[in-house]
Every structure is written in structure tokens, then in C-alpha cells.
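Listed here are the chains, written in short residue letters.
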Amino acid sequence: MAAPSQPCQATYDAIVIGAGIQGSFTAYHLAQRHRETLLLEQFILPHSRGSSHGQSRITRTAYPREPYARMMPDSFHLWQRLEVEAGTSLYRVRADGACCIWGGERDAGIQTLPMRHPMHPCPASHQGAAHPEHHRCLRASDVFRRLGGTLRDGEKVLRIEPGAVLTVTTTTGVYRAPRLIITAGAWTGALVAPLGLCLPLQPLRIDVCYWREKEPGSPSAGRAGPCFMALGLSQAPHGIYGLPALEYPGLVKMCYHHGSPVDPEERDRAPPGAPRPDVAILSSFISSYLPGLEPWPAVVETCLYTNTPDEDFILDRHPKFSNIIIGAGFSGHGFKLAPVVGKLLCEL
């Protein structure tokens, strides 16, 4: 969190709006290049209002789209560099090959791998991939501050005034800089609309579900279980992914890779008892493929995706104001690539 004693400068070399994983890495790269940088966050940190919270993610080198597969080696290198600078472990590499991908795609970096976990009675051959798990990765903002950057949380941006020197007005201050980077997740569309830009961004509310074993302590679940992705299922066209739950040891984290359209300001206002079709999809999948788990989740949380129509990222300059850079639309698969995305936004 921003320390109350931090000096409140009015002018910086660059301002970054949004201190999720993408904004934190962007600010980190700017500070590494000795740019005096302000990182703004509308909520008090840490928080669970956006897309970057939670203890674990799946990452991999395999990707159905070649540009992302080509970005991954650089991403792993930058994760490792951040580990050294932060003095902590940020991801784990499974040595037992415990990752599989169901489906019909055979693309960049994907190879056949037999599935060896009896909890998963699935076909004999699957597409295997690298399988580290990410956690504690928002340390990028800690290193950013150590490099001299200023982080101010609990400050919602009210207005952006473009110009050679931009002015950003928040609920508690007015800041100026010749460069602005917007990485505000589901709130990006609302921030850029007054700047004459209508981006095709659709925020989605995702049900993040944690499932209990029927027989606790099974060696094929919990921390010993695999990471997996299930693609090309008719009942789950957007795919399902699962991994051991660092958040709730002994449970399995499993989500449908899609959700319900939502206004990010209204995400928690669903009426009690409202239908959750995504949870029903997951329950059906478990009944078919993971009979070792209870068919209804023990814990359900939510997070936000911000999707583009093709699920590709938007990394670009504003078409009219070239000193405004936008990183948005990470569509539920941007976390693992955040070190490279931050570098690209910094270079833009």
C-alpha cells in the first residue's frame, strides 16, 4: 500500500493507471529505466476486485497462437529475474509431467503426453505442456517501489486531460506527466471513452470454484494433483482448466474459461440464489471425468475477465494522443505473459 509519508509529487515522467499484474510490470520496467513513475490504483491494496488476485495460476510454453508461444521464453526469463530481485519464489515447475491438455489442437510447442493420474479417467493420449504455477507475483510493485517508484492506492481516476503534458485528476490529487499508460482492466473502457475511443471490451464475471475430494488425502488430488486444460468439449466450448489450490490446501481449483457479462461496478450485486450456469457446466464435467471430487463446489469466488472479440490483447497507442498507451483485453490469459506485456507497454 502507498505509505502515508510518501511525498506527493505533482509531476512525473510517466503515470500508470491500474496496479494489477500488467500495470505493476509496466511500472517496474519504467522504473528500471530510471523513469520517475507514478502507479495509481483505485482500490486499497491488496484487493480482490479485479483479475490479478488469488494465489495460483497455470502457465505454460504451449500456446495455440504462435505469437504468444514465442513470447513465453522471455516471460519465464523475466519471472526468474523478478524472483531474484524480490528475494522469493514466484513459480513452481512440476518435475513429474503432471500437466495435460485435452482437445484437438496441435499447435506451437505442444506434444503428446500420456496422462498418469488415476483421478482423471480420460483418453490415453493428451497434449502436454510446461506447468509452473504462479503465486505472489504482484511483487513487481514491491520492486517498483524499491527502485524509487511511487504507488498510490485508494485513488480513483476521475478525469484524464490529454496534451503534451497530460493531467490526471483522482479523488485525492492532481498529477501530470508527458506519458500515460492505462492498464485498468475492466474499467479501461470507461476511462478511454471520454478520450473519444470506443474499445470492444467485454468484462465478464468468472466463477472461481474450489472442489473437495470425496476421500480426503487422495494422492491424485490436492498439491500432488495435475494442472490440466480441457478443450473442445461440446458441453464446455470455452474450455475448462484446473490446478491444485494454493488458496485452499486440499481442494482443487477448477474454472470454466468464460463467464457472464457484467458492469465491473456491479459485479457483486447478483441476487442471492441467481442461477450460475458456469458452475453447472463444471459440475457436469466433474461427474464425467473427475469422479474423485464432490460434484458441487466447496467454495465459489469471483474474478473479472476483460475480453476482446478475438481474445487477443490490445497493446497500442491512442490513435489521436500518441503519448497515451493502452494495455487491455487480456481475456483471461494475460497473467503468465505480464512480464513481457509490461516491457512492451514500457517500450511503447
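The structure we're discussing is the one just above.
Calculation rules
Residues numbered from 1 in each chain as written. Predicted model: local features only at pLDDT ≥ 70, side-chain atom pairs only at ≥ 80, totals over all residues. Heavy atoms only, no water. Phe/Tyr/Trp six-rings, centres within 6.5 Å; stacked < 30°, edge-to-face > 60°. Buried < 20%, exposed > 50% of the residue type's maximum accessible area, 1.4 Å probe, protein only. Helix = DSSP H or I, 4+ residues; strand = E, 2+ residues; numbered from the N terminus. Contact = heavy atoms within 4.5 Å. Salt bridge = Lys/Arg side-chain N within 4 Å of Asp/Glu carboxyl O. Core = buried A, V, L, I, M, F, W, Y, C linked by side-chain atoms within 4.5 Å. Pairing = 2+ DSSP bridges.

*Asks:* Whenever I open this one, the packing of aromatic side chains confuses me. Can you help?
*Replies:* When we look at a pair of aromatic rings, we describe it by the centre distance and by the angle of the planes. All told, the structure shown has 11 aromatic pairs when counted by the stated rule. Here Y63 and Y68 contribute two aromatic rings whose centre-to-centre distance is 5.3 Å and whose plane-to-plane angle is 40°, an arrangement assigned as tilted. Exposure remark for Y63: the relative accessible area of 3% places this residue in the buried category. A connected cluster of aromatic rings, assembled from ring pairs, spans F25, Y28, W79 and F335.

*Asks:* So what exactly am I meant to see when it comes to unusual backbone geometry here?
*Replies:* Of all residues except glycine, most have a negative phi; of all peptide bonds, most are trans. In this structure, H34 takes a positive phi of about 65° despite not being glycine. Summarising the element assignment, H34 is placed in the loop between α1 (21-32) and β2 (37-41). Although it is not a glycine, S331 sits at a positive phi angle of roughly 55°. Among the structural elements, S331 can be located in the loop between β21 (324-328) and α6 (338-347).

*Asks:* Sorry if this is basic, but what is going on with α6 here?
*Replies:* Since the α-helix turns once every 3.6 residues, residues separated by three or four places project in the same direction. Counting buried residues along α6, seven of its 10 residues qualify, which places the element largely inside the surrounding structure. Along α6, the positions that sit buried rather than exposed are A338, P339, V340, V341, G342, L345 and C346. Structurally, α6 contributes buried residues whose contacts are with α1, α2 (66-86), β13 (180-182), β20 (314-317) and β21.

*Asks:* What am I meant to see in the pattern of salt bridges here?
*Replies:* In a structure, side chains of opposite charge can pair up when their charged atoms sit close to one another. According to the stated counting rule, one finds eight salt bridges in the structure shown. Among the ionic pairs, R159 bridges to E161, the shortest N-O distance being 3.4 Å. Taking the shortest distance from any N to any O, the salt bridge between D207 and R276 comes out at 2.6 Å. Separated by 69 residues along the polypeptide, D207 in strand β14 (residues 202-211) and R276 in the loop between β18 (260-261) and α5 (277-289) bring together distant segments of the chain. Classification of D207 as buried rests on a relative accessible area of 8%. Classification of R276 by relative accessible area gives partly exposed; the value is 39%.

*Asks:* Where do I start with the side chain of T306 in this structure?
*Replies:* Following the sequence through the fold, T306 ends up in strand β19 (residues 299-307). Judged by relative accessible area, T306 falls into the buried class, the value being 6%. Ignoring sequence-local partners within four residues, the contact set of T306 consists of G185, A186, L201, Q202, P203, G329, F330 and S331.

*Asks:* Is there a simple way to explain the nonpolar core in this structure?
*Replies:* The nonpolar side chains of a soluble globular protein tend to be buried, and buried together. Counting residues in each nonpolar core, the largest one holds 37 residues, and the members touching the most others are W79 and L337. Looking at this core, the elements that each hand over two or more residues are β1 (14-17), α1, α2, α3 (139-146) and α6. Residue contributions to this core peak at nine residues, all from α2. Core analysis: the next-biggest nonpolar cluster, separate from the first, contains 29 residues, V168, A184, L197 and F321 among them.

*Asks:* Explain the pairing of strand β15 (residues 227-230) to me, please; I cannot follow it from the model alone.
*Replies:* On a regular strand, each side chain points to the face opposite its neighbour's, so the side chains alternate between the two faces of the sheet. Neither face of β15 is left uncovered, since the one carrying C227 and M229 and the one carrying F228 and A230 both have all their residues buried. Both β15 and strand β16 (residues 240-244) contribute to a ladder of three bridges, which runs antiparallel. Opposite M229, over in β16, you have Y241 as the bridge partner.

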